[in-house]
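Take a look at the letters that make up each chain.
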Amino acid sequence: MAKKATKTKPKAKSAKKGNPFKLSKQNKIILGSLLILFSIALFFSFVSFYFTWQDDQSILSEFKNRNEEAKNLLNKFGASISHLFVYKGFGIASLIFPFLLCLSGIYMFLGLDKKGLWKKWIWGFIFLIWFSIAFGFFAVKSPLLGGLVGYEMNDFLQDYTGKIGVLLLLVFGLVFILVRLFNVTPEDVASFFKSKKQALSSEFKNQKETKTEEEPSIVSTEEETPVVIDTYTHKEEIPHLKKETKTEKKDLEIAFPEEPEPEEQLAMEVEQIVEEPEEVDVLASKLVDDFGEFDPTLELGNYKFPTIDLLDPHGVTGGITINQEELEENKDKIVETLKNYKIGIAQIKATIGPTVTLYEIVPEAGVRISKIKNLEDDIALSLAALGIRIIAPIPGKGTIGIEVPNKNATIVSMRSVIASSKFQKAEMELPIAFGKTISNETFVVDLAKMPHLLMAGATGQGKSVGLNAVLTSLLYKKHPAEVKFILVDPKKVELTLYNKIERHFLAKLPDSEEAIITDNTKVINTLNSLCIEMDNRYELLKLAMVRNLKEYNTKFKARKLNPNDGHKFLPYIVLVIDEFADLIMTAGKEVETPIARLAQLARAIGIHLIVATQRPSVNVITGIIKANFPARIAFRVTSKIDSRTILDAQGADQLIGRGDMLYTQGNDVTRIQCAFVDTPEVAKITEYIGSQRAYPEAHELPEYVGEDSGTSVDYDIADRDKMFREAAEVIVIAQQGSASLIQRKLKLGYNRAGRIIDQLEAAGIVGPFEGSKARQVLVPDMASLQQLLDNEIK
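If you're wondering where the values come from, they're calculated on a predicted model, not measured in any experiment. (Residues numbered from 1 in each chain as written. Predicted model: local features only at pLDDT ≥ 70, side-chain atom pairs only at ≥ 80, totals over all residues. Heavy atoms only, no water.)

Participant: Just checking my understanding: could you explain the packing of aromatic side chains for this structure?
Facilitator: When we look at a pair of aromatic rings, we describe it by the centre distance and by the angle of the planes. Considering all chains together, one arrives at 18 aromatic pairs under this definition. Their ring planes at 20 degrees and their centres at 6.0 Å tell us that F127 and F131 sit as a pair that is stacked. Within this pair, F127 and its partner F131 are both found in helix α5 (residues 115-138), separated by four residues, close to a single helical turn. For F131, a relative accessible area of 31% gives the class partly exposed. Three or more aromatic residues joined by ring pairs form one cluster here, namely F46, F85, F90, F97, W121 and F125. Sitting over the ring of F423, K477 keeps its end group 5.4 Å from the ring centre. (Phe/Tyr/Trp six-rings, centres within 6.5 Å; stacked < 30°, edge-to-face > 60°. Helix = DSSP H or I, 4+ residues; strand = E, 2+ residues; numbered from the N terminus. Buried < 20%, exposed > 50% of the residue type's maximum accessible area, 1.4 Å probe, protein only. Lys NZ or Arg CZ within 6 Å of the ring centre and 35° of its normal.)

Participant: Sorry, what's going on with a negative patch on the surface here?
Facilitator: On the surface, a cluster of negative charge is made up of D511, E697, E700 and E703. Relative to the helices and strands, E700 resides in strand β15 (residues 699-700). You can call E700 partly exposed: its relative accessible area is 40%. (Patch = residues over 30% accessible without salt bridge, like charges linked within 9 Å, V, L, I, M, F, W, Y side chains within 5 Å. Areas by Shrake-Rupley, 256 points an atom, 1.4 Å probe, with all protein chains shown as cover. Salt bridge = Lys/Arg side-chain N within 4 Å of Asp/Glu carboxyl O. Lys, Arg positive; Asp, Glu negative; His and termini not counted. Charge placed at Lys NZ, Arg CZ, Asp CG, Glu CD.)

Participant: Quick question: what am I supposed to make of unusual backbone geometry here?
Facilitator: Among all residues save glycine, negative phi is the norm, and among peptide bonds the norm is trans. The linkage connecting M450 with the following residue, P451, adopts the cis geometry, with an omega of 0 degrees. Structurally, the position occupied by P451 is in the loop between β6 (442-446) and β7 (453-456). Notably, K492 is not glycine yet its phi reads approximately 70 degrees, a positive angle. Turning to its location among the elements, K492 is positioned in the loop between β8 (483-488) and α17 (502-505).

Participant: I'm lost on the environment of G754 in this one. Help?
Facilitator: Of note, G754 is situated in helix α27 (residues 750-762). Overall, G754 belongs to the partly exposed group, its relative accessible area being 21%. Residues G754 and I742 lie twelve residues apart in sequence; the distance between their C-alpha atoms is 8.9 Å.

Participant: Would you explain the pattern of salt bridges in this entry?
Facilitator: Any two side chains of opposite charge can pair if their charged atoms end up close together. A complete count under the given rule lists 19 salt bridges for this structure. D312 is the partner of K684 in a salt bridge, and the nearest nitrogen-oxygen pair spans 3.5 Å. Here K684, found in helix α24 (residues 679-690), pairs with D312, found in the loop between α10 (279-291) and α11 (324-340); they are 372 residues apart in sequence, far enough to count as distant. On the accessibility criterion, K684 (34% relative accessible area) is partly exposed. The class for D312 is partly exposed, based on a relative accessible area of 28%. The partner of E579 in a salt bridge is K491, with the nearest N and O atoms 3.6 Å apart. Of the two residues, E579 sits in the loop between β10 (572-577) and α20 (580-587) while K491 sits in the loop between β8 and α17, which places them 88 residues apart along the sequence. By relative accessible area, E579 is classed as buried at 13%.

Participant: Would you explain the nonpolar core in this entry?
Facilitator: Counting residues in each nonpolar core, the largest one holds 102 residues, and the members touching the most others are F434, F485, L575, F580, L598 and Y663. With nine residues, helix α18 (residues 520-544) is the largest single contributor of residues to this core. Aside from chain neighbours lying at most four places away, what touches F434 is F443, V445, M450, L453, V470, I633, M661, Y663, I672, Q673, C674 and A675. Among the nonpolar cores identified, the runner-up in size contains 22 residues, and F724, A753, V766 and L789 belong to it. (Core = buried A, V, L, I, M, F, W, Y, C linked by side-chain atoms within 4.5 Å. Contact = heavy atoms within 4.5 Å.)

Participant: What is the right way to look at the sheet that holds strand β5 (residues 431-437) in this model?
Facilitator: In any sheet, the strands associate via hydrogen bonds between backbone groups, in a parallel or an antiparallel arrangement. Spatially, nine strands are ordered β6-β5-β14-β13-β12-β7-β11-β10-β8 in an open sheet, and the strand pairing comes out mixed. For this open sheet the edge positions go to β6 and β8, each flanked by a neighbour on one side alone. Going from strand to strand, the sheet's axes swing by 30 degrees on average, the running direction of each strand aside. Inspection of the sheet shows β8 paired to β10 by six bridges, in the parallel sense. Opposite V483, over in β10, you have Y572 as the bridge partner. The strands touched by helix α23 (residues 640-647) are β7, β12 (631-634) and β13 (660-664); relative to β12, the strand with the most contacts, the crossing angle is about 155 degrees. (Pairing = 2+ DSSP bridges. Axes fitted to C-alpha atoms, helices over the stretch in contact; angles between N-to-C directions.)

Participant: Honestly, the pairing of strand β4 (residues 400-405) in this entry has me stumped. Any pointers?
Facilitator: Successive side chains on a regular strand alternate, one facing one side of the sheet and the next facing the other. The buried count for β4 comes to six of six residues, which makes it a mostly enclosed element. Alternating residues of β4 divide into I400, I402 and V404 and G401, E403 and P405, and every residue in both groups is buried. Relative to β4, strand β2 (residues 356-363) is paired through six bridges, and the arrangement is antiparallel. For L358, the partnering residue across the bridge sits in β4 and is E403. Pairing of strand β3 (residues 389-391) with β4, which is carried by three bridges, proceeds in the antiparallel orientation. The residue of β4 that forms the bridge with I391 is G401.

Structure below.
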């Protein structure tokens, strides 16, 4: 009995304990339905992300802002969670998550046994990792397929096993999945291919048989025709004429192919068609013969280009000085550092630039490039340099480049760049001389082919000097009739020197006093006016039946376009925006929309954008705008993330400042020392141009009337809203004129609140629309409001 009692005691204890995490049936149904619905939401948000991710990039940082809306099917929640799982997670393989959650929900909803569920989750995670790595390996250029996890895991595995190693690992993973999950054996694979082979061979056999059956069909039809005896004439009945002639004809053609008799060939005279020249061409050629081609520079025929003497040499006369000791010392340190890590060098060569020397090394056979690239910091430490940059490998060469800053940097003067034969002989539409490359060659590019330029870099690293270099290049090469500038300067001090050339080179709005735009309201109007100019130019190109500005101007110069039809010579327009981030912070989407339009469409009609900002992040420059700026310049930045934001590549964080920059036009990255042009030099150039005969006025842009949400229409007092007085009191008490305030305080809809705001503006209680800012309240207190309303009634 005692033994029995001792046996029953632990049972009682265990019964009392129970399972504290066990859910009731009702809770299982609730939790299961929640999981199913959540999985559906995830599925739709993930799928929608692949169509809307570019538009929703700018929303991610403004999750708390209720006024912002995402284009994802699940709005900001969908955009954020998709960005987390798809972009920062596993890519397209993230669709496994909704499937697993839905399956778990069904198990809980129906109260099924969970043993099989754990197995499905384990296999789900195996599939997730395998697909993520596979997409990251095969679709390197599409990061959304493999996600950040797939990309980083590939990068990590390739560092240790190489591409072939990763491929073999993926094959092994596939074999593991097929064998363990689907029970596939080598015999199954062999039998599958065997059956496919048999099916193909039998199909070929059937096709061959059908061909042989079809061939003798013409002959056999006549042989099998039954002979019918006529009972009256005792002769064979003649078959139908139609059938007989047809078959006979066929038999004859097959048995005895008769050659047609040769016909006599008639001689034919071909008269040459003489095309009559078009009247326009005849008239144009006559005008060209009489007056010559149209010359757009004729109005300022005596205009003289700035002379080279206006630029300072900045103390550099004999070019770059070669310090042989420094070269040998750096070479020995590089060789020694690499030897410490058991990396042999077969050959080394030095190319001396203005600020940086490029050491090209050829490693011994069997040395991995990534091994040298990882020693960037170690080489910098041994050389005691500010920051070195390793190019592994150099595009188009079988070498690895190590860029080491010179101890005594040489200033690249704008004078040396402008005076170079490469710039002087450049046959480009809008040539820009940026500076000199590592090999001491003048770097000249065509702005018309870029077609837009994005400049970025930390404060004080040379952005404003870079803008001056661009403008100076164009002033030295182009006539005032050929190019016009629109200068936007929120800082109000960087571009003011160009005021002197207002009537020569600048373009502005008709009512504007100053050509250089510093006020944000005028920036919005100017950008919208530029969009109107763009549309007008496209209309002219359509009428002239040409595709771009160069063809149009060539046709106009040849006098093939009639000025009476609205045609005129069209100069290039270069829009320069300094500190673009400040504009976005103050004006927001009112600036974004016209900039996006110009970036996408304006290149064909000669409108080109140069935008300078400190860091082109998503909240400053949207994906649509950034995609249309393939040409980018990066001055020195503080982090690798900033470098990738600007160039989509590393390297800008390793620059040494003071005009040291990286330039890319969508393919290779080129290191350039930007040409230095000082403020007194720019002042001398503008003074020289400004002192010459100019146009009567600056180039006028089309007039733009702002589409304010307010209205100048006077509302009748009888037509006013019933809540007008209450709304006026709310506005005056808060001293803030916005429709959203009226919505919240009076619990009204947006449309009604908007109408009340228009009525308040007509009554003189609030000021006009001011973009993203709240309207100004014109009535200071309640007493003044009461007096205003009483006067209206009287």
